[in-house]
Amino acid sequence: MQRESGSALPLRARLIDFLIQSSQRLQLSPTEKYTALSLFAHRFYPRFMSQLEQGNDMGNWLLQPLRESNLQLFALVSLWISNKIHSSPALSVKIFKSLGDKSINEQHFTIRDYSEAEVVLMQVVNFEICVENVAFVYFEELLLQFKGVSKVGELVNFEAGMDIMDLLYEKEETTMLYANPRFLAASVLVASYVTTVPKQKLEFPVLPWVKFVTGCEEEDIVEMVREILKHVFHLSC
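Residues numbered from 1 in each chain as written. Predicted model: local features only at pLDDT ≥ 70, side-chain atom pairs only at ≥ 80, totals over all residues. Heavy atoms only, no water.

## With respect to helix α10 (residues 206–214)
Here's step 1: Every buried residue of α10 is listed here: V206, W209, V210 and T214. Along the axis of α10, the buried residues cluster in a sector spanning 110°; they form a single face.
Here's step 2: Contacts from the buried residues of α10 go to α6 (135–149), α9 (181–196) and α11 (218–232).
Here's step 3: Of the residues flanking the end of α10, it is G215, one or two places downstream, whose phi is positive at about 85°. (Buried < 20%, exposed > 50% of the residue type's maximum accessible area, 1.4 Å probe, protein only. Helix = DSSP H or I, 4+ residues; strand = E, 2+ residues; numbered from the N terminus. Arc of directions from axis to C-beta. Contact = heavy atoms within 4.5 Å.)

So, in C-alpha cells, the structure goes:
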C-alpha cells in the first residue's frame, strides 16, 4: 500500500498527507486523527473550495489568497480541535504551533493566527463537527465484535484497516465513501479480512456476519470492497 511521493500528489492529497503525518508526530490517537480528517476533508476543504470557485469573498487573509501554507495551518487546527474534543487535558496550542514552525515552510504563524483560524474554520463548517459519526469508530467496534465471535478476528490486521482508511482520503471521489461511515467501516473490515488473514484461515462466513451485525447487503459490501481494493492496489479493472 505505497503512497506516491509528496511532490507528485495534487494539493488536496498533500494536505491530507500533511495532516496524517502531523497526527503521527503529535502522537495523537486514531480517533483524534480520523475526527480531524472528517472535519478537514469532509467539511472544511470542500466547502471552502466551493465558495472559492463561486468567486465568493472569503473575507479573511487566512483564506484568500489561496496558499498551501494557510491550508496546512487549517489542517493543524483541525487536529487541535479534535484533540480538545477527545483528550483531557488537551495539548497546548503551543505544541501545534511548534510543529507548524518546523513543518510549514512558506509562512510563520503566531498563536493568535491559530486561534483566528479555529474561528474561521468553525464558521466555514457552520459549527458542524459530528464527532460521533466517524467511520473509524464503527470499524474499531466491528473488529472488537468480530474478535468476540471468532478467533480468526485476531488475525485481522488493525493497522492495515487504518492504512486503507488513510488511502481512501487521497482522492476526493474516494473520500465520498465516508458519507456512509457505518457501511464504509463494514467494507474496510471485510477488505482487511481478505487481505491480511492467511488464506488457509479464511473459513469464517464474514459477509453473512457483517450483514447480520450492520444490516448492509452482502452484494453492496462486495462491490464496495472491490472499489476499495482497486484504489488501494491501484488497479484499473
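## Side note on the environment of Q51
Here's step 1: Relative to the assigned elements, Q51 resides in helix α2 (residues 30–53).
Here's step 2: For the pair Q51 and V124, spaced 73 residues apart in sequence, the C-alpha to C-alpha distance is 9.5 Å.

## Examining the nonpolar core
Here's step 1: Membership of the largest hydrophobic core comes to 78 residues, with the highest contact counts inside it found for F44 and F146.
Here's step 2: Among the elements that line this core, the one with the most residues is α2, at 10 residues.
Here's step 3: Contact partners of F146, with chain neighbours within four places excluded, come to V152, G153, V156, L189, Y193, F204, V206 and W209. (Core = buried A, V, L, I, M, F, W, Y, C linked by side-chain atoms within 4.5 Å.)

## A look at the pattern of salt bridges
Here's step 1: This structure, assessed with the given rule, holds seven salt bridges.
Here's step 2: Notably, a salt bridge pairs E217 with K211, separated by 3.6 Å at the nearest N-O pair.
Here's step 3: The exposure class of K211 is partly exposed, given its relative accessible area of 35%. (Salt bridge = Lys/Arg side-chain N within 4 Å of Asp/Glu carboxyl O.)

## Describing the side chain of K97
Here's step 1: By the element assignment, K97 lies in helix α4 (residues 93–103).
Here's step 2: When neighbours within four sequence positions are excluded, K97 is seen to be in contact with H108, F109, T110, I111 and Y114.

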